[in-house]
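Listed here are the chains, written in short residue letters.
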Amino acid sequence: MTDTVAVIICAHLEERFSNLLDAMGSVDRQTRRPDELVVVIDANASLARRLRPVANGVCVVELAQPSGLAAARNAGVAACSSEIVLFLDDDAIAHPEWVERLTATIDDPRVLGASGHSAPIWGAERPAWLSDEFLWTLGCSYAGQPRQRVQVRNVYGGCCCLRRSLFTELGGYDVRLGRSHASHGGGEEAELCVRAQRRWPGSQFEYEPLAQIDHLVPVARLRLRYVLRRSYDEGKMKATVAWLHPGALTPEVSFARTLPRAFARCVGSVLAFERGGVARAGGMTAMALAVVAGLIVGRVGHVLAPYRRRKPSSATDSTTTVAPASRPKTDP
């Protein structure tokens, strides 16, 4: 691997300061040390002030206005010069071989990016209603994902690597998508990867489960209200991706086909009087319905809204508002 490598961590909550330091420390312990480490602080001056004195050799990017995760990641790429960029959540710890294993996938010139396995670190007892199939609502790998390296439609944002060309030539993540103060939904990774594969036919993305991170699941996210909101928002974002790129939701359709079997297992556990069977069945039903509701609301909104008149004429026209050449204020 001869390309230069940067790791980008985005943060915006001061209460996760210690988690951020742990994430940065895990990057420092990598078997393949990155050439650059960039931390993007999204509209939190107090967090930026706390970080700078201990960020030795780290590029700190401070965004003045709340921008959302997609824009923050774009800003991180604009602030570095490496050919390969890796993204790590600020509440995650990368295993020592994480960088090495992810960047190894890029040795194949057809591969534009890859993501790895995200295992949960439970901040409290796992709720009985939370099934393995819906761990994605917590930013973790879920039941049904491959157990070996395989080609996939898109990477998973908090544990991935991408070629810089996706940002310099395609404009990076679409800032209309992704998590922000207004939405828990994602979708920016799927949209970018679909756009990239249409721009470069024959290219691909991979999932490498041996590239692992441990992802904190705090108590606040172990509440049904949060998971239902995340499921609903994710459904709305998927509706936007499908609107921008018709036919792009094939993996979601395949995942949905696994849910009846999972629900049948839950029913079986109920009939066998197994502990938590009723809760799992109920939780799975509620989360699935929340996703469907989000898809319907999102689809109807795009059909009716004037925004439809501004639909890009081609996939390559759908770019972000962050110019690749621009560089936010940074501190070395």
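Residues numbered from 1 in each chain as written. Predicted model: local features only at pLDDT ≥ 70, side-chain atom pairs only at ≥ 80, totals over all residues. Heavy atoms only, no water.

Asks: Break down the overall build of the protein chain for me, citing the residues and quoting the values.
Replies: Scanning the protein chain for helices and strands turns up nine helices and 10 strands. Surface exposure of the protein chain reaches about 15000 Å², of which carbon and sulfur atoms provide 55%. (Helix = DSSP H or I, 4+ residues; strand = E, 2+ residues; numbered from the N terminus. Areas by Shrake-Rupley, 256 points an atom, 1.4 Å probe, with all protein chains shown as cover.)

Asks: Help me get a handle on helix α4 (residues 98-105), residues and values and all.
Replies: Residues of α4 that are buried include every one of W98, V99, L102, T103 and T105, and no others. In a view along the axis of α4, the buried residues occupy a sector of 145°, so they form one face of it. Against β1 (5-11), β4 (84-89), β5 (92-94), β6 (111-122), β8 (159-163) and β9 (204-217) lie the buried residues of α4. (Buried < 20%, exposed > 50% of the residue type's maximum accessible area, 1.4 Å probe, protein only. Arc of directions from axis to C-beta. Contact = heavy atoms within 4.5 Å.)

Asks: I'd love a proper account of the environment of Y173, names of residues and values included.
Replies: Turning to its location among the elements, Y173 is positioned in the loop between α5 (165-168) and α6 (188-199). The exposure class of Y173 is buried, given its relative accessible area of 0%. Sequence separation between Y173 and A72 is 101 residues; the distance between their C-alpha atoms is 9.5 Å.

Asks: Which residues make up the nonpolar core, and what values go with them?
Replies: When a protein is soluble and globular, its nonpolar side chains tend to lie buried together. Core analysis: the largest hydrophobic core is formed by 33 residues, its most contacted members being V7, I9, I41, L51, L86, L88 and W98. No other element matches the five residues that helix α1 (residues 17-28) contributes to this core. Contact partners of V7, with chain neighbours within four places excluded, come to V27, P34, E36, L37, V38, L86, L88, W98 and V99. Counting residues in each nonpolar core, the second largest holds 32 residues, with I8, F87, V155 and A196 among its members. (Core = buried A, V, L, I, M, F, W, Y, C linked by side-chain atoms within 4.5 Å.)

Asks: Now, about the pattern of salt bridges: what can you tell me, with residues and values included?
Replies: Evaluated as defined, the whole model comprises 19 salt bridges. With a closest N to O distance of 2.7 Å, R16 and D90 form a salt bridge. Of this pair, R16 sits in the loop between β1 and α1 while D90 sits in the loop between β4 and β5; the two residues are 74 residues apart in sequence, bridging distant segments of the chain. Judged by its relative accessible area of 14%, R16 is buried. Looking at D90, the relative accessible area reads 3%, which means it is buried. Two residues, E189 and R73, come together in a salt bridge whose shortest N-O distance is 3.5 Å. Note that E189 is positioned in helix α6 and R73 in helix α3 (residues 69-78), a separation of 116 residues in sequence. Judged by its relative accessible area of 11%, E189 is buried. (Salt bridge = Lys/Arg side-chain N within 4 Å of Asp/Glu carboxyl O.)

Asks: Requested: an account of the layout of surface pockets, with residues and values cited.
Replies: Roughly 270 Å³ of internal volume is contained in the second largest pocket. Of all the secondary structure elements, the ones that give two or more residues to the lining of the second largest pocket are α1 and β2 (36-42). In terms of residue count, α1 provides more of the lining of the second largest pocket than any other element does, four residues in total. Its residues placed into classes, the lining of the second largest pocket shows 10 nonpolar, three polar and four charged. (1 Å grid on protein atoms, 1.4 Å probe; cavity = no way out; pocket = protein on both sides within 12 Å on 5 of 7 lines; lining within 4 Å. Points joined across faces, edges and corners; volume = space filled by probe spheres on them. Nonpolar A, V, L, I, M, F, W, Y, C, P; charged D, E, K, R; others polar.)

Asks: Give a detailed account of the packing of aromatic side chains, specifying residues and quantitative values.
Replies: Applying the stated criterion across every chain, the model contains five aromatic pairs. With 5.8 Å between their ring centres and 40° between their planes, F134 and W136 make a pair best called tilted. There is no split in this pair, since F134 and W136 are both buried. On the numbers, 6.3 Å between centres and 85° between planes, the contact of Y156 with Y207 is edge-to-face. Linking Y156 in the loop between β7 (150-152) and β8 with Y207 in strand β9, this pair joins segments that are 51 residues apart in sequence. Y156 gets classed as partly exposed once you look at its relative accessible area, which sits at 29%. Residue classification places Y207 among the buried residues on the basis of a relative accessible area of 1%. Joined through ring pairs, the aromatic side chains of F87, F167 and Y173 make up one cluster. Lying over the aromatic face of F17, R50 brings its terminal NZ or CZ to 4.1 Å of the ring centre. Residue placement shows R73 over the ring face of F87; its charged tip is 5.7 Å from the ring centre. (Phe/Tyr/Trp six-rings, centres within 6.5 Å; stacked < 30°, edge-to-face > 60°. Lys NZ or Arg CZ within 6 Å of the ring centre and 35° of its normal.)

Asks: Kindly report on a nonpolar patch on the surface, identifying the contributing residues and their values.
Replies: Taken together, the side chains of V292, I296 and V300 present a nonpolar region at the surface, about 240 Å² in accessible area. Among the structural elements, V300 can be located in helix α9 (residues 277-304). Its relative accessible area of 42% is what places V300 among the partly exposed residues. (Patch = residues over 30% accessible without salt bridge, like charges linked within 9 Å, V, L, I, M, F, W, Y side chains within 5 Å.)

Asks: Lay out the pairing of β2 in plain terms, naming residues and giving numbers.
Replies: Most of β2 is tucked away: six of the seven residues are buried. Relative to β2, β1 runs parallel, the two sharing six bridges. Considered in β2, the bridge of A11 is made with I41. Following the backbone out of β1, through α1 and into the adjacent parallel β2, one traces a crossover that is right-handed. For β2 and strand β3 (residues 59-63), the ladder comprises five bridges, and the chain directions are parallel. When the sheet's bridge partners are listed, V40 is paired in β3 with V61. In this region the chain leaves β2, passes through helix α2 (residues 45-51) and returns to the parallel neighbour β3; the handedness of that crossover is right-handed. (Pairing = 2+ DSSP bridges. Right-handed = clockwise from strand over helix to strand, strands pointing away.)

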